[in-house]
Each structure stands twice: as C-alpha cells, then as structure tokens.
Amino acid sequence: MTTGREAPGVSTVMHVRCPDRLPEDVYRQVLELLAELSPVVQALPPAAALVDLKGALRYHGADARRLGEVLRVRALSRLGVDVRVGVGPSITVAATASAQIPAPGGVLAVAPDDVAGWLGQLPVDALHGIGPRQAVVLREYGIHYVGLLASVPPGTIQRLLGGRAGRMAADRARGIDPRPVVPRALPATTTVRHAFDRHTLDGADVRAALLELVIRLGQLLRRREQAARAVTLTLTFAGNGRWEKTRRLVEPSAHDDDLRLLAYQLMDATGLQRGRLTALTLRGEDLIDAGQVARQISLDGAREARLVAEAAIDRVRDKFGPEVIGPAAVFRRAS
C-alpha cells in the first residue's frame, strides 16, 4: 500500500529503523543521510529516527515512497546497512508501518485515505504505542484487532487502560496523532579504544588498559573544552561477543578522577572472571561545553591539589607529547 501524491496540508512522516546493535558512529552516518532528504530529523537512539517530509517532497519532486527507496539504496551502498522505512501521515502510522517490514529492510508507505483500513487489520499489539501489558488487557476483553479498538467508544478504552493511556490508544487506533517531528540531533560523544595484541585474561593488564583510556578520554574532553554527563564502557570478547553498560556522572566532568571512578565501577559491574578480551572502548556521552559546568568551591584539599596537578600535566603533554607522563599503572606493560 503506497502513497502517491500527498494531499496539500497533510503531514508526511518517515520512521526509519536501523538494525539492532548498530555501532553509534554508523547510526550517526544514517542520521546524516536522513538530513540529506529533510532538515527536520529527530534522532530516536539507539537505532531509529523520524523525518518530516512535508517540505522535502516539493523540494525533491518525488513522492514519499520514492524518498524511502532512495534512503535505503544510499544506506546500503554507502554504509552497508539495510533499513526499514515506514511512511504515513502521522508518527503512529509511520512507526507502525516500519515495524511491519520483515528484516533486513524495505519500504512501506500508507496513504492518508488508506490508514483506517490498513490499521484495522493489524493485531492490537502491532499498533505503535501499545505495550505488552495493555495488549493483554485489551485481548482479555475481546479486543484483538486495531479496527475493533477504533470502534469501541473512547470512554470504554479509558476505563480499561486508564485515562491518558486510554485516550492515546483510542486516538492512535483511528490514526490520530498530532505530535510533530521535533528536530533533535544525537547528543555529542567522543570515543577512545584499546585493542589487545592477543586475547587477554590478566585482570591487571585490563585495568591498566582501562586507566589508559580514562586518561586519553579526559585529555580529549579538556582539549575540546567539553564535559561528559555519562560514560559508556564496551568490552569486546573473543568471538565478537560484546558487553556494554552506561552510567551517568553525578555532575558533568572532564576530570580524570571522576572518569576513572565511574569507569572502574562499570568494569566491576561486568563481574568479569575468565572472559577473553580483545578490546575495550570508553565513550564520553551527552557532552556539553565545559563553560556550562558549575564550578563549586570544594573543601577537599586533596582533590583541589589533584586538579592543579592535572592542569600542569596537560601542559607538559601539550609540549612534549601525550606519552611522556602518566600514572605508573599505565606503563606496567613496558616493565
């Protein structure tokens, strides 16, 4: 079911689903491809996005399905990534459509005049915004399809699912979703990585490599005059297995002390025993300008002394190179 010519005044929304576990750098490149189609792109991390095509259709002189096909070809040819593209007159319809496309990819566009008939045949749990628990409640009362959900009085749905949730479910079953696509870029990040020469089991070597990443990440952030609100640690194992976890800092920071504490907490959370590691990745997430971080007077003299030393060490590294000075544990592999 495809759209042809979009009626004047009718919104056209594209919902894009990328493969699961897509690396962040590749996801960012997909977002850049979307920006080539329309300036109104809303990132939905970790692997989806919305695009408002209303103005883009006139600019490109193509219908929505055609733009979806162009996006898919570009993603495959440039990035080696297949995507599932749903198009409809609202976020709900577009997101429901993209979820109906079988992997690895494809394009499904639903015309405004076809929304009621197309949604009506779907099971209630296929409607975007209906969670598993809500679907169970609806099925218990004999409401198995979206068409039946749309035919039930909204007041009845509100009594079953609750006031706000019931109103939203009743509206979305009818294709009503006034939410706009709000331009939102993926928060800035910066990443450092360490690859081991061979499969590593030694906990001391792993801890030394992690500390090295902390130092490099802190240097990058301070050089760019940025601070991280969160840190993500990714462990890559032999056989390409991965473990990843994110934790937020109490306050945004670019200081080695704060980054090291959080990185060690993340490593401890892995419960790592005999895993054969091939690489570590540390990523500063949700970056902000350092000038936005409030500087509070500290009564901790030891911390203040470390911050003064950190600034001095940065000046030494800037002048003589990043490898000339650092924690002794980082250099244990050379001993």
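Since we're looking at a predicted model, the values are computed, not measured.

### Overview of helix H1 (residues 24-37)
The end-to-end C-alpha distance of H1, which contains 14 residues, comes to 21 Å, matching closely the 20 Å that a straight helix rising 1.5 Å per residue would cover. The complete set of buried residues in H1 reads Glu24, Val26, Tyr27, Val30, Leu31, Leu33, Leu34 and Leu37. In a view along the axis of H1, the buried residues occupy a sector of 165°, so they form one face of it. Those residues of H1 that are buried are in contact with strand S1 (13-17), strand S2 (41-44), strand S3 (48-52), helix H2 (54-60), helix H3 (64-79) and strand S9 (277-285).

### Topic: helix H12 (residues 301-320)
When the terminal C-alpha atoms of H12 are compared, their 29 Å separation across 20 residues agrees well with the 28 Å that a helix rising 1.5 Å per residue should span. Residues of H12 that are buried sit in contact with helix H10 (203-223) and helix H11 (256-269).

### Things to note about the sheet that holds S3
Spatially, five strands are ordered S2-S3-S1-S4-S5 in an open sheet, and the strand pairing comes out mixed. Either end of the sheet is taken by a strand with one partner, and the two such strands are S2 and strand S5 (106-109). Averaged over all pairs of adjacent strands, the angle between their axes in this sheet comes to 15°, without regard to strand direction. Here strand S4 (residues 84-88) runs beside S5; their pairing, made up of four bridges, is parallel. In the sheet register, Gly86 faces S5, and the bridge partner there is Leu108. Packed on one face of the sheet, H3 meets S1, S4 and S5 and runs near 165° to S5.

### What about the nonpolar core?
Counting 30 residues, the largest nonpolar core has Met14, Leu31, Leu34, Leu53, Leu71 and Val85 as the members making the most contacts within it. Listing elements by their share of this core, those giving two or more residues are S1, H1, S2, S3, H2, H3, S4 and S5. Top contributing element to this core by residue count: H1, with seven residues. Contacts of Leu31, omitting those with residues within four sequence positions, involve Val41, Ala43, Ala49 and Leu186.

### Side note on the pattern of salt bridges
Summed over the entire model, instances satisfying the criterion amount to 14 salt bridges. Among the salt bridges present, the one from Glu36 reaches Arg74, with a minimum N-O distance of 3.2 Å. In this pair, Glu36 is assigned in helix H1 and Arg74 in helix H3, connecting sequence segments 38 residues apart. Residue classification places Glu36 among the partly exposed residues on the basis of a relative accessible area of 38%. Look at Arg74 and you get partly exposed, because its relative accessible area is 26%. With its nearest N and O atoms 2.8 Å apart, the salt bridge here joins Arg283 to Glu285.

### Some thoughts on the side chain of Arg172
Within the fold, Arg172 resides in helix H9 (residues 163-173). Although buried, Arg172 forms no salt bridge, and the nearest oppositely charged side chain, Asp177, lies 4.3 Å from it. What Arg172 contacts, discounting residues up to four positions off in sequence, is Thr92, Leu119, Leu127, His128, Gly129, Asp177 and Arg179.

### Some words on unusual backbone geometry
In this structure, Pro46 follows Pro45 across a cis peptide bond, with omega equal to 15°. Turning to its location among the elements, Pro46 is positioned in the loop between S2 and S3. The peptide bond linking Ala103 to Pro104 adopts the cis configuration, its omega dihedral lying at 10°. Within the secondary structure, Pro104 is located in the loop between helix H4 (91-99) and S5. Phi at Glu225 is positive, roughly 55°, even though this residue is not glycine. Locating Glu225 in the fold gives a position in the loop between H10 and strand S7 (226-237). Glu225 gets classed as exposed once you look at its relative accessible area, which sits at 57%. Positive phi, normally seen in glycine, also occurs at Asp286, with a value near 50°. Mapped onto the elements of the fold, Asp286 is located in the loop between S9 and strand S10 (288-289). The class for Asp286 is partly exposed, based on a relative accessible area of 21%.

### Focus: the environment of Gly120
The topology assignment puts Gly120 in helix H5 (residues 115-120). In the structure, Gly120 is positioned 53 residues away from Ala173 in sequence and 7.8 Å away in space, judged by C-alpha atoms. Sequence-distant contacts of Gly120, that is, excluding residues within four places in its chain, are made with Tyr145, Val146 and Gly147.

### A few points about the pairing of S1
Most of S1 sits inside the fold, with four of its five residues counted as buried. Here five bridges tie S1 to S3, and the two strands are oriented antiparallel to one another. Looking at S3, one finds that His15 is bridged to Leu50. In the sheet, S1 pairs with S4 via five bridges, with the strands oriented antiparallel. Counted as the bridge partner of His15 is Gly86 from S4.

Rules behind the numbers
Along every chain, residues carry numbers that run from 1 in the direction the sequence is written. Selection of residues for local features in this predicted model requires a pLDDT of at least 70, selection of side-chain atom pairs for listing and counting requires 80 or more, and totals for whole chains, interfaces and linings are taken over all residues. Hydrogens are left out, water is left out, and the side-chain values use all remaining heavy atoms of the structure. Segments assigned H or I by DSSP are reported as helices when at least four residues long, segments assigned E as strands when at least two residues long, and all are numbered from the N terminus. Between the first and last residue of a helix there are one fewer steps than residues, each counted as 1.5 Å, and that sum is the expected span. For every residue, the accessible area obtained with a 1.4 Å probe (protein chains only) is divided by the maximum for its type, and the residue is called buried under 20%, exposed over 50%, and partly exposed between those limits. The directions from the helix axis to the C-beta atoms are what the arc is built from. Contact definition: two residues touch when any of their heavy atoms are within 4.5 Å. Pairing between strands requires that DSSP locate at least two bridges from one strand to the other. The axes used here are C-alpha line fits, helices contributing only the stretch in contact, and every angle between their N-to-C directions lies in the interval 0 to 180 degrees. As used in this record, nonpolar core signifies buried Ala, Val, Leu, Ile, Met, Phe, Trp, Tyr and Cys residues forming a set joined through side-chain atoms within 4.5 Å. When a carboxyl oxygen of Asp or Glu is within 4 Å of a side-chain nitrogen of Lys or Arg, the pair counts as a salt bridge. Under this rule, positive means Lys or Arg and negative means Asp or Glu; His and the chain ends count for nothing.

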